[in-house]
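Below, each chain spelled out in residue letters.
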Amino acid sequence: MPYACIYVADFPAEAILRGEPALRGFALVVLDGQPPLETLVAMNEFARRAGVQPDMPRALLEQCPSLLIRRRSAALEAAAEAALLETAETLSPRVERVAADTLALDLAGLERLFGSPEKIAAELSRRVAQIGLRARIGVAANPDAAMIAARGFSSGVTVIAPGCEAEILGRLPVSALSGLPGVVIEPDILETLERWGIRDFRALAALPTAQLSERLGQPGIYLQQLARGESTRVLIRAEPVAEFTESLELECAADELEPLSFLLGRLLDELCARLAAHALATNEIRVRLELDAVSGDVNLYEKTLRLPVPMRDSKILLNLLRLYLAAHPPDAPIRKMTLTLAAARPRTAQGGLFAPLAPDPQKLEVTLARIAGIVGAENVGAVELLDTHRDTAFRMRRFGASPATVSYAAIATRPDFDAAPKTALRVFRPPPRAVVELRDAVPARISFAGLRGKVRAASGPWHTSGDWWQPDGWQHDVWDIEIEFTGNTASPARDSAERHAARAVAAFYRIYFNHADEAWFVRGEYD
């Protein structure tokens, strides 16, 4: 059963280069710690060629004009680690996180998809390169041998055939065992091996096992098994991710939308690529910006943008984010930005052959966001009636995915199916003022909007009131009436009332008397 290992050398430097690809061709060193006790933790190959040594102090490093110095970024390393894990999971369902820079994969069954172990390793290297990281790949019969090959050899891909582990790994120095994650070696053991003259894996593998056990115990036996490539263990599968996060720290604070949009677009491109690798989309974007506060305290700007349908088009997401930030701008320059996309299943829909084409929900959301920037977000959306005694109370809610539809055939087969038409009240906004003539406290004649008529029948009144503690509280006497129109004037009138008057037929309306204004109003027409 073959295994593979992904190892990203100088991981802190690679994480920074992934966030700033333009620095890939320059000599880069990464420092960690508090000044003036900063230590060098990573460097790229150009810095090694320039003669940088691991123990150089910052004062000496600053004397080299062509050397770029960056501080270690925990946010960039976390994003790179997550992207590396997700990339490995796109190839194999069994992935173990050995360390932040090291992953172990079970390659069982992948030969049918990709071919030989060499082709699998090449495909794995290609996918890691797509996310902006340079990694070494090791393939062997067990995960520890693959990990030693990936971390020990500087070549890009190392494939060890079964049974050749001791021969291939024999060239590595014994000191390579001390850097393996998860392998704890006492310093006195390495010192003892050094006194014995054991310099490489081949010499350690050739020692008599019984005598080695007598002198070094089980730790010595375990080290010999690693040197021979014979250790076996079970992979501990990493937990799947439910959200995707990318961060970026800025050298100079950004206070304009255009440069900020360029950086946000780069983060969204990386996030959408990760979503596509998992065949997922997102329906929620969480923005977290660290602002440049004058007092020195961390000032946070946190917003959540919820989408009506899952999507993963980076350009559409960027447009939505730009419009949202333009409507809700931060109040200080930005020092660090973090984007988090919640994972969701992609939207699937099948159109009918004879159904008219509907606008793309993703592009429609961008259009609605632009309209909201002009008329206000509170005036864009779908009308939603409120659960209150005020019969005309409503609010605007964001458009969302419509619930699953039920076919008309399924409804028609229900025992309680009623095909009779339903009566609806078409509400007039704003309600037109009316002049009502009462007879025995019952509406007898009415005129409104240039129309007049006789009340054939009236039902009511229903006394409703509420919100007396607020300025817009109401106290109404509501009537449902049937009107027979007798004529109209040239003044403006509602289309529905004119239609009924022209045809000399009766119509049904709801009217009410507002005690606050001491006036009559027409609430709407029954249709």
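Here the structure is shown first, and the text comes after it.
As the structure is a prediction and not an experimental result, all values here were calculated from the model.

J.: Can you lay out the overall build of the chain for me, pointing to particular residues and giving the numbers?
T.: When helices and strands are counted, the chain shows 16 helices and 21 strands. Within the chain, the fraction of its 527 residues that count as buried is 41%. Restricting to contacts in the chain with at least 6 residues of sequence separation, those with at least 24 account for 64%. When the accessible area of the chain is evaluated, it comes to approximately 29400 Å², of which 53% is carbon and sulfur surface.

J.: With reference to specific residues and values, describe the side chain of Thr 340.
T.: Inspection of the secondary structure puts Thr 340 in strand 12 (residues 334-344). Side-chain polar atoms of Thr 340 contact the side chain of Thr 245, separated by 3.2 Å.

J.: Residue-level account of the packing of aromatic side chains, with values.
T.: Going through the model one piece at a time under the given rule, you end up with five aromatic pairs. Here Phe 485 and Tyr 509 contribute two aromatic rings whose centre-to-centre distance is 6.2 Å and whose plane-to-plane angle is 85°, an arrangement assigned as edge-to-face. Residue Phe 485 is found in strand 19 (residues 474-488), and its partner Tyr 509 is found in strand 20 (residues 506-514); the two are separated by 24 residues along the sequence. On the basis of relative accessible area, Phe 485 is assigned to the buried category, the value being 6%. The class of Tyr 509 is buried, set by a relative accessible area of 0%. Pairing Phe 513 with Trp 520 gives two aromatic rings, centres 5.3 Å apart and planes at 55°, and the pair type is tilted.

J.: Let's hear about the packing of helix 12 (residues 257-277) against helix 13 (residues 314-327): which residues, and what values?
T.: At their nearest, the axes of helix 12 and helix 13 sit 9 Å apart, and the two run at 140° to each other. Note on packing geometry: the crossing formed by helix 12 with helix 13 is right-handed. Side by side, helix 12 and helix 13 meet where Leu 257, Glu 258, Leu 260, Ser 261, Leu 264, Gly 265, Leu 268, Asp 269 and Cys 272 of the first sit next to Ser 314, Leu 317, Leu 318, Leu 321, Arg 322, Leu 325 and Ala 326 of the second.

J.: Lay out unusual backbone geometry in plain terms, naming residues and giving numbers.
T.: With an omega of -5°, the peptide bond between Arg 429 and Pro 430 qualifies as cis. The omega angle of the peptide bond from Gly 460 to Pro 461 is 0°, so this bond is cis rather than trans. The topology assignment puts Pro 461 in strand 18 (residues 451-466). Phi angles above zero are rare outside glycine, and Ala 279 is one such case at about 55°. At Asp 440, a residue that is not glycine, the phi angle is positive and equals roughly 60°. By secondary structure assignment, the location of Asp 440 is in the loop between strand 16 (433-439) and strand 17 (442-448).

J.: Describe the sheet that holds strand 4 (residues 67-71), listing the residues and the values that go with them.
T.: An order of 3-2-4 is seen for the three strands of this open sheet, with the pairing classed as mixed. Each edge of the open sheet is held by one strand with a lone partner, namely strand 3 (39-43) and strand 4. Ignoring strand direction, the axes of neighbouring strands in this sheet form an average angle of 35°. Strands strand 2 (27-32), strand 3 and strand 4 of the sheet are contacted by helix 1 (residues 11-19), whose axis makes an angle of about 115° with strand 2.

J.: For helix 14 (residues 361-375), give the residues involved together with the corresponding values.
T.: An ideal rise of 1.5 Å per residue puts 21 Å on 15 residues; helix 14 measures up with 20 Å between its terminal C-alpha atoms. Those residues of helix 14 hidden inside the fold are in contact with strand 11 (299-311) and helix 13. The first or second residue beyond helix 14 is Gly 376, which carries a positive phi of 105°.

J.: Describe the sheet that holds strand 7 (residues 136-140), listing the residues and the values that go with them.
T.: Read across the sheet, five strands follow the order 5-6-1-7-8 without closing on themselves; strand pairing throughout is mixed. Across the chains shown, the open sheet's two edge strands, defined by having one partner strand only, are strand 5 (95-99) and strand 8 (157-159). In this sheet, adjacent strand axes meet at a mean angle of 15° when their direction is disregarded. Pairing of strand 1 (residues 3-7) with strand 7, which is carried by five bridges, proceeds in the antiparallel orientation. By the bridge assignment for strand 7, Ala 4 is matched with Val 139. Along the sheet, helix 6 (residues 117-130) contacts strand 1, strand 6 (102-106), strand 7 and strand 8; its crossing angle with strand 7, the most-contacted strand, is approximately 155°.

J.: Lay out the pattern of salt bridges with the relevant residues and their values.
T.: Scanning all chains against the criterion turns up 36 salt bridges. In this structure, Asp 101 and Arg 151 form a salt bridge, with 3.8 Å as the shortest nitrogen-oxygen distance. With Asp 101 in the loop between strand 5 and strand 6 and Arg 151 in helix 7 (residues 143-152), this pair connects stretches of sequence that are 50 residues apart. Salt-bridge contacts for Glu 243 lead to Arg 286; the nearest nitrogen and oxygen are separated by 2.3 Å. You can see Glu 243 sitting in strand 9 (residues 243-254) and its partner Arg 286 sitting in strand 10 (residues 281-291), a full 43 residues away along the chain. In this structure Glu 243 comes out as partly exposed when scored by relative accessible area, which is 38%. Put simply, Arg 18, Glu 86, Glu 246, Glu 270 and Arg 274 are held in one network by salt bridges that share partners.

J.: So, a positive patch on the surface: which residues are in play, and what are the values?
T.: Residues Arg 439, Arg 445, Arg 452 and Lys 454 make up a contiguous surface patch of positive charge. Within the element layout of this structure, Lys 454 appears in strand 18. Classification of Lys 454 as partly exposed rests on a relative accessible area of 40%.

J.: Break down the environment of Ser 92 for me, with residues and values.
T.: Here Ser 92 shows up in the loop between helix 4 (74-89) and strand 5. Residue class for Ser 92 comes out buried when judged on its relative accessible area of 1%. Between the C-alpha atom of Ser 92 and that of Leu 105, which follows or precedes it by 13 residues, the distance is 6.6 Å. In contact with Ser 92, not counting residues within four places along its chain, are Leu 105, Asp 106 and Leu 110. A polar contact of 3.3 Å, which involves the side chain of Ser 92, links it to the backbone nitrogen of Arg 94.

J.: Residues and numbers for the environment of Phe 114, please.
T.: Turning to its location among the elements, Phe 114 is positioned in helix 5 (residues 111-114). A residue is classified by how much of its surface remains accessible, and Phe 114, at 22% relative accessible area, is partly exposed. In contact with Phe 114, not counting residues within four places along its chain, are Leu 91, Lys 119, Ile 120, Glu 123 and Arg 127.

J.: Tell me about the pairing of strand 2, and please be specific about residues and values.
T.: Counting buried residues in strand 2 gives five out of six residues, a clear majority hidden from the surface. The pairing of strand 2 with strand 4 spans five bridges and is classified as parallel. Bridged to Ala 27 within strand 4 is Leu 67. Summarising the sheet, strand 2 and strand 3 pair through four bridges and their orientation is antiparallel. Of the residues in strand 3, the one forming a bridge with Asp 32 is Thr 39.

The rules we used
Residues numbered from 1 in each chain as written. Predicted model: local features only at pLDDT ≥ 70, side-chain atom pairs only at ≥ 80, totals over all residues. Heavy atoms only, no water. Helix = DSSP H or I, 4+ residues; strand = E, 2+ residues; numbered from the N terminus. Buried < 20%, exposed > 50% of the residue type's maximum accessible area, 1.4 Å probe, protein only. Contact = heavy atoms within 4.5 Å. Areas by Shrake-Rupley, 256 points an atom, 1.4 Å probe, with all protein chains shown as cover. Polar contact = N/O pair within 3.5 Å; in protein donor to acceptor, adjacent residues only side chain to side chain. Phe/Tyr/Trp six-rings, centres within 6.5 Å; stacked < 30°, edge-to-face > 60°. Axes fitted to C-alpha atoms, helices over the stretch in contact; angles between N-to-C directions. Left-handed = near helix turned anticlockwise from the far one by under 90°. Pairing = 2+ DSSP bridges. Expected span 1.5 Å × (residues − 1). Salt bridge = Lys/Arg side-chain N within 4 Å of Asp/Glu carboxyl O. Patch = residues over 30% accessible without salt bridge, like charges linked within 9 Å, V, L, I, M, F, W, Y side chains within 5 Å. Lys, Arg positive; Asp, Glu negative; His and termini not counted. Charge placed at Lys NZ, Arg CZ, Asp CG, Glu CD.

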